[in-house]
Amino acid sequence: MRFVATAARGVEAALAEELRGLGLGGVDERRGAVAFEGPLADGYRAVMWSRIASRVLLVLSEVDAPDAGALYDGVRCVDWTDHVPPGRTIAVDVARTGPTADNPRYLVLRTKDAVVDRIRETRGSRPDVDTRRPDVRVHVHLVRGRATVSVDLAGEALHRRGGRAGSEAPLKENLAAALLRIAGWPLPVPFVDPMCGSGTLCIEAARIALDVAPGLARGRHGLEGWGGHDAAVWAALRAEALGRRDAARAREVAIHGWDASGPALAAARENVERAGLGGRIALARVSLADARPPDSAATEPRGLVVTNPPYGARLGEAGELGLLYEQLGDVLRRRFTGWTAWVLSGNRALDGRIGLKPRRRHVVFNGPIECRFLELPISEVPVEGGGPAWRKPSPEAEMLANRLRKNVRRLRKWARREDVSCYRVYDADVPEYNMAIDRYDGAAVLQEYERPRSVDAAVAERHLRDAVQVVPEVLGIDPADVVVRVRRRRREGEQYERLAGEAVFREVREGGLRFLVNLTDYLDTGLFLDHRRVRSRIRDLARGRDFLNLFAYTCTATVYAAAGGARSTTSVDLSNTYLDWGRENLALNGLDAGRHDLVRADCVEWLARARGRYGLVLCAPPTHSRSKAMRGDFDLERDHVSLVRACARLLTPDGLLLFSPPIPRFPLDQRALSDLHLHIEDITPLTHPPDFRTPPHTTFQLSP
């Protein structure tokens with residue numbers, strides 16, 4: 001029989017080596033796959049034992065298929081009654097290499113028709129289609145007018161070793177296994193992943209070291225629903241796998257997974273338990289800066305580090321992650337002397353930031369991302385000195401430190417008087433350091449603004465590194481509590497994405513009120529510091545009024561209005577996440593969320609159908625908004641006139657509208673609003689907080 005094992009691009013050689021190691025014959029590497037030949041038991045062995053393959057296909061036929069009609073005829077020639085028993089369900093996958101004239105969905109439909117028509121013609125009844133959990137999965141691969149028709153013995157992708165915790169898996173299990181094979185694992189040395197995330201590399205390393213067949217973790221295989229299934233052969237393979245697993249239980253392994261993220265580590269622990277590896281992998285919450293060889297390495301001076309750090313594919317991350325990659329290289333050079341590290345990098349701009357010269361580079365694809373798997377031998381000569389960064393601050397860093405100290409002295413008394421624990425301590429005061437630094441009690445958020453093209457990238461990176469070293473020293477906080485963000489202008493239609501999954505909230509104070517902020521998961525923290533005086537004005541004006549908060553975000557202005565004695569509050573936002581956050585803010589201040597309406601809706605659509613009247617309205621819109629829940633997009637400069645009109649329609653005769661766009665000197669089109677006879681006043685100077693050099697917003701007060 002002929003078989004094809006598919007795999008991620010770049011790991012074909014590792015898969016071929018693995019299949020030969022399983023005793024399979026006729027192994028032939030191809031692009032994204034490896035072919036092999038042998039009896040049915042060999043195909044079954046690949047399904048049970050291959051850690052690298054994505055699927056194992058049993059080839060039934062090869063046919064000419066220049067178009068969909070020819071494909072139908074070729075597939076229909078296969079006697080499908082031999083492969084699809086009565087009462088079994090089917091699904092069809094069609095993969096293509098190169099372009100075809102026909103729509104891919106149409107090719108799937110015609111293939112399905114061919115299978116169904118042949119069975120109905122022979123048997124008098126047709127099988128049902130189940131695209132989610134079919135009994136038999138038919139696979140067709142089209143290349144230059146030829147189609148290979150197969151049955152998928154795996155049934156579902158082989159990287160699914162069983163259930164796993166965590167919604168995102170940046171590294172599939174079979175790619176992790178391929179990387180470990182390339183790295184030479186298993187070895188009689190300690191294994192460490194210092195950024196283990198949900199634990200994929202550690203779990204695969206343990207399965208390899210403890211001889212656990214990946215097929216044992218899957219409860220269902222496609223071969224079991226196939227008409228040609230040999231249950232005795234499969235039972236024998238399963239018994240062999242169970243025996244090998246049991247025989248290896250006494251092996252000693254030293255596998256360590258560390259991560260700074262509590263939620264990630266919780267997911268890793270759950271995944272380890274689900275994999276039946278409890279007690280075999282040492283997991284701990286350790287920041288990269290604190291990583292050092294485990295105690296078990298004391299008797300073995302060498303070890304293996306394999307890790308998959310973030311690539312910086314999301315908004316702003318590439319700039320932020322340069323420091324992380326530098327820190328990774330520094331920790332390896334200082335503390336893991338004599339070890340070998342393997343790092344999977346999906347961003348070439350970050351490779352050199354590690355500071356270690358690769359001995360080898362393997363190009364592999366993690367989904368669509370072209371990555372390099374770097375072998376980094378670490379010198380046995382330890383690097384002198386300590387600390388998480390080996391480069392000293394540049395001479396000009398003292399300019400930043402001096403200005404930061406001066407600002408802290410100036411703002412400390414004001415912050416204490418106003419009962420403010422979160423404020424801006426640096427606002428691009430020194431041209432060389434184009435960044436903002438915000439203090440949140442015992443933490444800080446450092447936001448580097450987008451670098452102009454005229455500024456050399458190396459200089460900007462040096463200055464960012466300076467700031468990361470200077471900020472904790474001047475502010476007296478732990479370096480681990482400095483969060484780095486790199487802001488850039490969004491392209492048209494681009495949305496800010498969630499950046500992490502920490503879900504770690506801090507409580508801060510402002511004006512006698514308390515709020516929750518999240519410094520890691522989003523580009524913004526949940527509290528716009530520059531709107532502090534806008535919120536204070538709302539509290540002063542709210543007594544006895546019905547308050548409407550549009551684009552409410554985390555409802556901080558609503559808390560101020562409620563604290564100021566508002567008769568009622570209504571908060572409208574499109575995000576359930578932010579509205580839930582708002583409920584927490586209300587509860588934190590002893591305000592019953594049940595007495596305050598929190599409405600999930602597109603503000604523009606909600607305004608069009610609103611019928612209430614409000615004595616005080618805050619409209620603080622974004623510059624641009626678009627989501628799956630919206631019918632169209634929102635552009636502030638284009639749509640602000642209609643937005644202000646809709647808000648003004650809801651004002652009581654003595655009502656006030658605070659319109660506060662996040663743009664300095666916003667050009668409000670007062671001529672287009674003249675027929676409303678509104679009194680319009682630019683009150684931006686009154687809302688300019690003392691911790692901002694220039695106000696990043698404009699605020700207008702409008703009244704009938």
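My aim in this report is to walk through the structure given alongside it, one point at a time.

### Some details on the overall build of the chain
Line of reasoning, step 1. Broken down by element type, the chain carries 18 helices and 29 strands.
Line of reasoning, step 2. In terms of overall dimensions, the chain has a C-alpha envelope of 85 × 70 × 50 Å along the principal axes.
Line of reasoning, step 3. Expressed as a percentage of the 704 residues in the chain, the buried residues total 54%.
Line of reasoning, step 4. Summarising the internal contacts of the chain: among those between residues at least 6 apart in sequence, 72% fall at separations of at least 24.
Line of reasoning, step 5. For the chain, the exposed area adds up to about 31400 Å²; of that, 48% sits on carbon and sulfur atoms.
Line of reasoning, step 6. Separation of charge centres in the chain, based on 103 positive and 93 negative side chains, amounts to 2 Å.

### Observations concerning the packing of aromatic side chains
Line of reasoning, step 1. Following the criterion strictly, the structure yields 13 aromatic pairs and no others.
Line of reasoning, step 2. Measuring from ring centre to ring centre gives 5.1 Å for Phe336 and Trp339, while their planes differ by 85 degrees; the resulting arrangement is edge-to-face. For the pair Phe336 and Trp339, a shared accessibility class is recorded, and that class is buried.
Line of reasoning, step 3. Relative to Trp581, the ring of Tyr578 lies with its centre 6.1 Å away and its plane at 40 degrees, an arrangement referred to as tilted. One end of the pair is Tyr578 and the other is Trp581, both in helix 15 (residues 576–588) and 3 residues apart, which spans about a single turn.
Line of reasoning, step 4. What makes Trp581 buried here is its relative accessible area of 4%.

### Side note on the pairing of strand 19 (residues 506–510)
Line of reasoning, step 1. One ladder, built from 5 bridges, connects strand 19 with strand 20 (residues 513–517); its direction is antiparallel. Counterpart to Arg509 in the pairing with strand 20 is Arg514.
Line of reasoning, step 2. Between the antiparallel neighbours strand 19 and strand 20 lie 2 residues, among them Gly511 with a positive phi of about 60 degrees.

### Considerations on the sheet that holds strand 7 (residues 146–152)
Line of reasoning, step 1. An order of 2-3-1-4-7-6-5 is seen for the 7 strands of this open sheet, with the pairing classed as mixed. Two strands close off the open sheet at either side, each with one partner strand: strand 2 (25–30) and strand 5 (90–97). Averaged over all pairs of adjacent strands, the angle between strand axes in this sheet comes to 30 degrees, irrespective of strand direction.
Line of reasoning, step 2. The sheet contact formed by strand 5 and strand 6 (residues 136–143) spans 8 bridges and is parallel. The partner of Val94 across the bridge, within strand 6, is Val140.
Line of reasoning, step 3. Set on the sheet, helix 2 (residues 40–49) makes contact with strand 1 (2–6), strand 3 (33–37) and strand 4 (55–64); between it and strand 3 the angle comes to about 145 degrees.
Line of reasoning, step 4. Contacting strand 4, strand 6 and strand 7, helix 3 (residues 68–76) crosses the sheet at an angle of about 135 degrees to strand 6.

### Focus on helix 1 (residues 12–21)
Line of reasoning, step 1. All of the buried residues in helix 1 are Glu12, Ala14, Leu15, Ala16, Glu18 and Leu19.
Line of reasoning, step 2. Close packing links the buried residues of helix 1 with strand 1, strand 2, strand 3, helix 2 and helix 5 (173–182).
Line of reasoning, step 3. Gly23 lies just past helix 1 and shows a positive phi near 85 degrees.

### Points about the sheet that holds strand 9 (residues 255–259)
Line of reasoning, step 1. Pairing within the open sheet is mixed, and its 7 strands lie in the order 10-9-8-11-12-14-13. At either margin of the open sheet sits one strand with a lone partner, and together these are strand 10 (281–285) and strand 13 (360–366). For this sheet the average axis-to-axis angle between neighbouring strands, irrespective of direction, equals 20 degrees.
Line of reasoning, step 2. The pairing of strand 8 (residues 191–193) with strand 9 spans 3 bridges and is classified as parallel. Across the sheet, Asp193 pairs through a bridge with Gly257, a residue of strand 9.
Line of reasoning, step 3. Sheet strands touched by helix 5: strand 8, strand 11 (304–307), strand 12 (340–345), strand 13 and strand 14 (369–377). Its angle to strand 13, the strand with the most contacts, is close to 170 degrees.
Line of reasoning, step 4. Here helix 8 (residues 262–274) sits on the sheet and contacts strand 9 and strand 10; the angle it forms with strand 10, its principal contact strand, is near 165 degrees.

### Re helix 14 (residues 556–563)
Line of reasoning, step 1. Most of helix 14 sits inside the fold, with 7 of its 8 residues counted as buried.
Line of reasoning, step 2. For helix 14, every residue scored as buried is listed here: Thr556, Ala557, Thr558, Val559, Tyr560, Ala561 and Ala562.
Line of reasoning, step 3. Taken from the residues just after helix 14, Gly565 is the one with a positive phi, measuring 95 degrees.

### Looking at empty space enclosed by the protein
Line of reasoning, step 1. According to the stated counting rule, one finds 1 cavity of 30 Å³ or more in the structure shown.
Line of reasoning, step 2. Volume-wise, the largest cavity comes out at about 100 Å³.
Line of reasoning, step 3. Around the largest cavity sit Arg132, Arg133, Pro134, Arg137, Ala154, Gly155, Glu156, Arg220, His221 and Gly222, which together line it.
Line of reasoning, step 4. Grouping the amino acids of the lining of the largest cavity by side-chain chemistry returns 2 nonpolar, 3 polar and 5 charged.

### Quick word on unusual backbone geometry
Both trends apply: most residues other than glycine have a negative phi, and most peptide bonds are in trans.
Line of reasoning, step 1. The linkage connecting Trp185 with the following residue, Pro186, adopts the cis geometry, with an omega of 10 degrees.
Line of reasoning, step 2. Of note, Pro186 is situated in the loop between helix 5 and strand 8.
Line of reasoning, step 3. At Asp419, a residue that is not glycine, the phi angle is positive and equals roughly 55 degrees.
Line of reasoning, step 4. Relative to the helices and strands, Asp419 is located in the loop between helix 11 (397–418) and strand 15 (422–427).
Line of reasoning, step 5. The class for Asp419 is partly exposed, based on a relative accessible area of 27%.

Reading the values: rules and limits
- Residues numbered from 1 in each chain as written.
- Predicted model: local features only at pLDDT ≥ 70, side-chain atom pairs only at ≥ 80, totals over all residues.
- Heavy atoms only, no water.
- Helix = DSSP H or I, 4+ residues; strand = E, 2+ residues; numbered from the N terminus.
- Buried < 20%, exposed > 50% of the residue type's maximum accessible area, 1.4 Å probe, protein only.
- Contact = heavy atoms within 4.5 Å.
- Areas by Shrake-Rupley, 256 points an atom, 1.4 Å probe, with all protein chains shown as cover.
- Lys, Arg positive; Asp, Glu negative; His and termini not counted.
- Charge placed at Lys NZ, Arg CZ, Asp CG, Glu CD.
- Phe/Tyr/Trp six-rings, centres within 6.5 Å; stacked < 30°, edge-to-face > 60°.
- Pairing = 2+ DSSP bridges.
- Axes fitted to C-alpha atoms, helices over the stretch in contact; angles between N-to-C directions.
- 1 Å grid on protein atoms, 1.4 Å probe; cavity = no way out; pocket = protein on both sides within 12 Å on 5 of 7 lines; lining within 4 Å.
- Points joined across faces, edges and corners; volume = space filled by probe spheres on them.
- Nonpolar A, V, L, I, M, F, W, Y, C, P; charged D, E, K, R; others polar.

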